[in-house]
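# Chains, contacts and geometry: an overview
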Amino acid sequence: MDHWDELRMFQAVAKGGTVRAAADALDLNHATVLRGIARLEQRLKTKLFEKLPSGYRLTSAGADIVDLAAQMSEASTKIEGRIFARDQSISGPLRLTLPISFATDILMETLTGFRSSYPDIALEIIGTGTVANLSNREADVALRVVLGNGSPPDNLYGSRLCAFNTAFYVRRAGAGGVLPALAWLLGPGEDIPRDWTPGEGIELAAIPVRFSEMRSRLHATRAGMGITLLPCFVGDADPLLSRVPGSPVIHTGDVWLLTHVDTRQTLRVRLLCERIRDTMRTVSARVEGRTDTYI
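Residues numbered from 1 in each chain as written. Predicted model: local features only at pLDDT ≥ 70, side-chain atom pairs only at ≥ 80, totals over all residues. Heavy atoms only, no water.

Going by an unreviewed UniProt entry, the protein carries the name DNA-binding transcriptional LysR family regulator and comes from Rhizobium halophytocola. For the protein, the Sequence similarities (unreviewed entry) comment in UniProt is given as "Belongs to the LysR transcriptional regulatory family." (UniProt positions renumbered as here; feature names shortened; annotations may be inferred.)

### Structural notes on the overall build of the protein
Within the protein one finds eight helices and 11 strands. Burial statistics for the protein: of 295 residues in total, 44% are counted as buried. Counting every atom, the protein has about 15300 Å² of accessible surface; 54% of that belongs to carbon and sulfur. (Helix = DSSP H or I, 4+ residues; strand = E, 2+ residues; numbered from the N terminus. Buried < 20%, exposed > 50% of the residue type's maximum accessible area, 1.4 Å probe, protein only. Areas by Shrake-Rupley, 256 points an atom, 1.4 Å probe, with all protein chains shown as cover.)

### Overview of the side chain of R243
Considering the arrangement of structural elements, one finds R243 in strand 10 (residues 241-243). Overall, the relative accessible area of 0% leaves R243 in the buried class. At a separation of 2.7 Å, a polar atom in the side chain of R243 contacts the side chain of D236. Here the side chain of R243 touches G289 through a polar contact of 2.9 Å, landing on its backbone oxygen. (Polar contact = N/O pair within 3.5 Å; in protein donor to acceptor, adjacent residues only side chain to side chain.)

### A short note on the pairing of strand 4 (residues 121-127)
Pairing of strand 3 (residues 92-98) with strand 4, which is carried by seven bridges, proceeds in the parallel orientation. Residue L98 lies in a different strand from strand 4, and its bridge partner there is G127. Note that the unit made of strand 3, helix 5 (residues 100-117) and strand 4 has a crossover that is right-handed. (Pairing = 2+ DSSP bridges. Right-handed = clockwise from strand over helix to strand, strands pointing away.)

### Thoughts on the packing of helix 2 (residues 19-26) against helix 3 (residues 30-44)
Close contact between helix 2 and helix 3 brings their axes to 9 Å; oriented N to C, the two are set at 105°. Accordingly, the angle class assigned to the pair helix 2 and helix 3 is roughly perpendicular. Contacts between helix 2 and helix 3 involve V19, R20, A22 and A23 from the first element and H30, V33 and L34 from the second. By residue class, the composition of the contact of helix 2 with helix 3 is five nonpolar, one polar and one charged. (Axes fitted to C-alpha atoms, helices over the stretch in contact; angles between N-to-C directions. Parallel < 35°, antiparallel > 145°, perpendicular 65-115°, else oblique. Contact = heavy atoms within 4.5 Å. Nonpolar A, V, L, I, M, F, W, Y, C, P; charged D, E, K, R; others polar.)

### Some thoughts on the nonpolar core
By size, the foremost hydrophobic cluster in this structure holds 36 residues, and its most contacted members are F102, L143, V255, M280 and V287. Listing elements by their share of this core, those giving two or more residues are strand 3, helix 5, strand 5 (141-147), strand 6 (156-171), helix 6 (214-222), helix 7 (232-235), strand 11 (250-260) and helix 8 (267-287). Residue contributions to this core peak at nine residues, all from helix 8. With residues near it in sequence (within four places) discarded, L143 still touches L96, T97, L98, P99, F102, L107, L161, V255, W256, L257 and I276. Among the nonpolar cores identified, the runner-up in size contains 14 residues, and L7, A22, A23 and I37 belong to it. (Core = buried A, V, L, I, M, F, W, Y, C linked by side-chain atoms within 4.5 Å.)

### A look at the pattern of salt bridges
Applying the stated rule across the entire model yields 10 salt bridges. As a salt-bridge pair, E6 and R43 come within 2.4 Å of each other at their nearest N and O atoms. Of this pair, E6 sits in helix 1 (residues 3-16) while R43 sits in helix 3, placing them 37 residues apart in sequence. A relative accessible area of 38% means that R43 is categorised as partly exposed. Here the salt bridges do not stand alone but share partners, grouping E6, R39 and R43 into one network. (Salt bridge = Lys/Arg side-chain N within 4 Å of Asp/Glu carboxyl O.)

### Re the packing of helix 5 against helix 8
Direction vectors running N to C along helix 5 and helix 8 enclose 145°, while the axes themselves pass 10 Å from each other. Between helix 5 and helix 8 lies a crossing of right-handed hand. Between helix 5 and helix 8, the contacting residues are F102, D105, I106, L107, T110, L111, G113, F114 and S117 on the first element and R268, L271, L272, R275, I276, T279, M280, V283, R286 and V287 on the second. Among the residues making up the contact of helix 5 with helix 8, the classes are represented as 11 nonpolar, four polar and four charged. (Left-handed = near helix turned anticlockwise from the far one by under 90°.)

### What about helix 8?
Counted at 1.5 Å a residue, the expected span for helix 8 with its 21 residues is 30 Å, and the 28 Å between its end C-alpha atoms agrees. Along helix 8, the sharpest kink reaches roughly 45°, centred on R281. Every buried residue of helix 8 is accounted for by L267, R268, V269, L271, L272, C273, I276, T279, M280, V283, S284 and V287. G289 sits one or two residues past helix 8 and shows a positive phi near 75°. (Expected span 1.5 Å × (residues − 1). Bend = angle between axes of the 7 residues up to and from the residue.)

### Regarding the environment of E200
You can see E200 is positioned in the loop between strand 7 (183-186) and strand 8 (209-210). By relative accessible area, E200 is classed as exposed at 67%. E200 sits 46 residues away from G246 along the chain, and the two C-alpha atoms are 8.8 Å apart.

Printed below as a string of structure tokens:
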């Protein structure tokens, strides 16, 4: 473990307040972070943190160097990025981050084909809806939904692939029957829609059911629990589901393929981006909900 890594651990503990938070942020185990902090303190011959019941607090010495450590970590990342950008081999690590539903429902065959074509590329697929920091090389390529009419950060190089649309779905009539008094199945922060009403006499329960993530809502809808908002490419492809009568197609955002400006010319980054763009062009109608899949 080198000095750069120890400084990154120090910075992560200072930011997160606990070793556990730092370990999660750096994708390391708890003991590795503790050892790294201990080595740094030994090298500097000073205590950088006070151990409290609630976590770790910077000492005065730690507070004095936290800004310098952040600058050194940023410089290290820039050096790594510049070197990575010069790499024109078709081997080595390559990190792709994208929403889980895009990985499982749209791009898995594409990623399988990419792996077969370039077996020496160590592809790491990070399925998450959170935004990876490409500047810090948490990922090399990101497929992201930019909500509303927004645009990606200026320091990223990207291309808009298609619109990302959603609609409301219910268990299809005749697929075991639709249960009465369907609940609204909501995700975190979602509200019951007030600007439209489901048609064809659908009875709605007064109390919604909330879920922490989309896949659980999808399976609850398939089971007949209620009505939920789903990406059109997920809901339209499910034979047990159909769009709720009267449900609008909602433009939720746009799908962007993003790389960092310093690493976009790396050969394996370009090869992966080309594969993803080609696939997304063929499925754009599905992602935008331009189908006739209704009850």
